[in-house]
Amino acid sequence: MWWKKEHFWIIAALAVISFSTFFYTSHILQHREKSIPKETVLTWTDSYTINGTKLRGFAYLENGTKIYAVQTFQTEQEKKKYEKISLCGLTFHVKGKMVPPPLPSHQFAFSMENYIESHEAQGIYEIEQAVFRKKENTISTILADQRFRVKKQIEETFPESLIAEAQALIIGEQENVDPDVNRAYQKLGITHLFAISGLHVALVSLLVFEILLRLRVRREHATIIIMIILPIYACIAGGAPSVWRSVLVVEMVMMSKIFSSKLSIDDALSLSFIALVLYQPSIIFQIGFQLSYLATIALVFSNAILQSTQSFIMRSFYMTTVCQLLVYPLLIYHFFEMSLSSFLANILFVPLFSFVILPMNLILFVLTIIFRPLAQLLFFIYEPFRELITKLIMLGQAIPYQM
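Below, the structure is looked at part by part.

Rules behind the numbers
Residues numbered from 1 in each chain as written. Predicted model: local features only at pLDDT ≥ 70, side-chain atom pairs only at ≥ 80, totals over all residues. Heavy atoms only, no water. Pairing = 2+ DSSP bridges. Helix = DSSP H or I, 4+ residues; strand = E, 2+ residues; numbered from the N terminus. Axes fitted to C-alpha atoms, helices over the stretch in contact; angles between N-to-C directions. Expected span 1.5 Å × (residues − 1). Buried < 20%, exposed > 50% of the residue type's maximum accessible area, 1.4 Å probe, protein only. Contact = heavy atoms within 4.5 Å. Phe/Tyr/Trp six-rings, centres within 6.5 Å; stacked < 30°, edge-to-face > 60°. Lys NZ or Arg CZ within 6 Å of the ring centre and 35° of its normal. Salt bridge = Lys/Arg side-chain N within 4 Å of Asp/Glu carboxyl O. Parallel < 35°, antiparallel > 145°, perpendicular 65-115°, else oblique. Left-handed = near helix turned anticlockwise from the far one by under 90°. Nonpolar A, V, L, I, M, F, W, Y, C, P; charged D, E, K, R; others polar. Core = buried A, V, L, I, M, F, W, Y, C linked by side-chain atoms within 4.5 Å.

Here's the deal with the sheet that holds strand β2 (residues 54–61)
Two pairing modes exist for strands in a sheet, parallel and antiparallel, and in both the strands are linked by backbone hydrogen bonds.
1) Next: Around the barrel, 5 strands lie side by side as β1-β2-β3-β5-β4; this closed barrel has mixed pairing. With strand direction ignored, the average angle separating the axes of adjacent strands in the sheet is 55°.
2) Next: For strand β4 (residues 90–99) and strand β5 (residues 124–135), the ladder comprises 10 bridges, and the chain directions are antiparallel. Considered in β5, the bridge of Thr91 is made with Lys134.

Structural notes on helix α8 (residues 219–236)
1) Next: Helix length check: α8, at 18 residues, gives a terminal C-alpha distance of 25 Å against a target of 26 Å (1.5 Å per residue), a fit within 8%.
2) Next: Of the positions making up α8, those classed as buried are Ala222, Thr223, Ile226, Met227, Leu230, Tyr233 and Ala234.
3) Next: The inward-facing, buried residues of α8 abut α5 (160–171), α7 (198–214) and α9 (241–258).
4) Next: One or two steps after α8, the chain reaches Gly238, where phi turns positive at roughly 105°.

Some words on the environment of Phe380
1) Next: By the secondary structure assignment, Phe380 is in helix α15 (residues 372–397).
2) Next: With a relative accessible area of 67%, Phe380 lands in the exposed category.
3) Next: Here the alpha-carbon distance between Phe380 and Pro159, two residues 221 residues apart in the chain, equals 9.4 Å.

Quick word on the packing of aromatic side chains
1) Next: Evaluated as defined, the whole model comprises 17 aromatic pairs.
2) Next: When the centroid spacing of 4.8 Å and the interplanar angle of 50° are considered together, the rings of Phe289 and Tyr293 count as tilted. Highlighted residues: Phe289 and Tyr293, both in helix α11 (residues 287–300), separated by 4 residues, approximately one helical turn. Here Phe289 matches Tyr293 in class, with each residue buried.
3) Next: When the ring centre of Phe58 is taken as reference, the NZ or CZ atom of Lys66 above it lies at 5.0 Å.

Quick look at the pattern of salt bridges
1) Next: Scanning the model with the defined rule gives 8 salt bridges in all.
2) Next: Residue Arg214 is joined to Glu210 by a salt bridge in which the shortest nitrogen-to-oxygen separation is 3.3 Å. Within this pair, Arg214 and its partner Glu210 are both found in helix α7, separated by 4 residues, close to a single helical turn.
3) Next: Judged by relative accessible area, which is 30%, Glu210 ranks as partly exposed.
4) Next: Notably, a salt bridge pairs Arg218 with Glu220, separated by 3.7 Å at the nearest N-O pair.
5) Next: Since its relative accessible area comes to 53%, Arg218 is described here as exposed.
6) Next: Looking at Glu220, the relative accessible area reads 47%, which means it is partly exposed.

Examining the pairing of β5
1) Next: Of the strand pairs in this sheet, strand β3 (residues 66–72) and β5 are connected by 4 bridges, and their pairing is parallel. Across the sheet, residue Gln71 finds its bridge partner in β5, namely Ile127.

Some words on unusual backbone geometry
1) Next: Unusually for a residue other than glycine, Glu120 sits at a positive phi of about 60°.
2) Next: Within the secondary structure, Glu120 is located in the loop between α3 (112–118) and β5.
3) Next: Given a relative accessible area of 22%, Glu120 falls into the partly exposed group.
4) Next: Phi is positive for Tyr401, which is not a glycine, with a value near 60°.
5) Next: Mapping Tyr401 onto the fold places it in the segment after α15.
6) Next: With relative accessibility at 76%, the residue Tyr401 sits in the exposed group.

Considerations on the environment of Met227
1) Next: Looking at the secondary structure, you find Met227 in helix α8.
2) Next: Put simply, Met227 and Thr191 are 36 residues apart on the chain and 29 Å apart in space, counted from C-alpha to C-alpha.
3) Next: Apart from residues no more than four positions distant in its own chain, Met227 is found in contact with Glu251, Met254, Met255 and Ile258.

A short note on the packing of α11 against helix α13 (residues 312–335)
1) Next: Two numbers describe how α11 lies on α13: the axes approach to 8 Å, and their chain directions differ by 155°. By the criterion of interaxial angle, the relationship of α11 to α13 is roughly antiparallel. Here the hand of the crossing between α11 and α13 comes out right-handed. Within the contact between the two elements, α11 uses Ile287, Gln290, Leu291, Leu294, Ala295, Ala298 and Leu299 and α13 uses Met319, Val322, Cys323, Leu326, Val327, Leu330, Leu331, His334 and Phe335.
2) Next: Of the residues belonging to the contact of α11 with α13, the class tally is 14 nonpolar, 2 polar and no charged.

A word on the nonpolar core
1) Next: In terms of nonpolar packing, the biggest core is built from 33 residues, with Ile154, Phe158, Ile170, Ile190, Phe349 and Ile393 touching the most fellow members.
2) Next: Broken down by secondary-structure element, the contributors of at least two residues to this core are α4 (139–157), α5, α6 (179–188), α14 (342–370) and α15.
3) Next: Of all the elements, α14 adds the most residues to this core, at 10 residues.
4) Next: Ignoring any residue separated from it by four or fewer positions in sequence, one finds Ile154 in contact with Ile163, Ala166, Gln167, Ile170 and Phe365.
5) Next: If you look at the next biggest cluster of nonpolar residues, it comprises 19 residues, including Ala59, Ala69, Leu90 and Val94.

Concerning the environment of Phe194
1) Next: By the element assignment, Phe194 lies in the loop between α6 and α7.
2) Next: Judged by its relative accessible area of 4%, Phe194 is buried.
3) Next: For the pair Phe194 and Gln174, spaced 20 residues apart in sequence, the C-alpha separation works out to 7.8 Å.
4) Next: Apart from the residues within four sequence positions on either side, Phe194 is in contact with Glu165, Ala168, Leu169, Gln174, Val177 and Tyr185.

Bear in mind that shape data such as this cannot, by itself, settle questions of function.
In structure tokens:
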């Protein structure tokens, strides 16, 4: 900046911000580790899974420490009781102990220790005994309860073959996705289609905006309503980094329009990055966060290439190529493999998911609430079509030497 002859006050301000950020982050890291007693009070967050005989997820202790808690169910009835309710905000008096994270089976395997640290948790707390105390009623727990209701609505009304996909696309819940199907998506390089991202935010924004305009709501008021709805949607959709990145960018661009000032997409992207890292510094180590920003940066700064053709197919090819070239090094670093077929697969499946599968799941979900007979009719048509797509994906992934 000095070489570019920027004003001294800009350089000084940047220096102050940089040093302040460094010391702030250092302070957080130094005071993050706290002693954890064997008997304490624990409050569950919305990030948990029930699988087999185990309940696993992130929780907060009464001293504010975030931990990764593990509880083993003693009976099938106890498990079913936990499955019927949303655990977010439930507070228990627990007895247990801290245990070290399991070591990776080899150097390329999943690291539980890195996963826990990337979510700013201190370690694994094994619960030996838990007694319910109360349920906290906060905005986050209310939204978590709504997310749980959406999950149960899908399980109760969707055909069994469509439940996992609907939960992944609507609320970002991927724990029920079949491992074989998930591996097929990995081989074709299209696992990102199951992740809620900017596409979902754009569709929800467009859908709500068009409905409001049809109800004769003024554009300015419709914009404000969308700005209120989007953070709520981000929470219900699971609050993944890619979702918050999209929501924050849209919010800032809309706010700049309200105040009649121009905020470029790259500046909005940078500001959203800074905001998320300040709020949760360890988010920078989450793979989803890294991939989301890298792919978005690839699209933002390759606009000239994308605009060089009017052909939809060529533009899709350019988008896929630019994104893949930028994220490949990151994918190899984290997963030690890359999909050679992802270029062609993304050209085919990105439009299919964007304009058919995702909108169809949203429409079907709404219809299961307001007019279930029509939803059943559409299920009768859509389910065979979706099974055909799955068969094509399974055939495509069977081709050798793709990874």
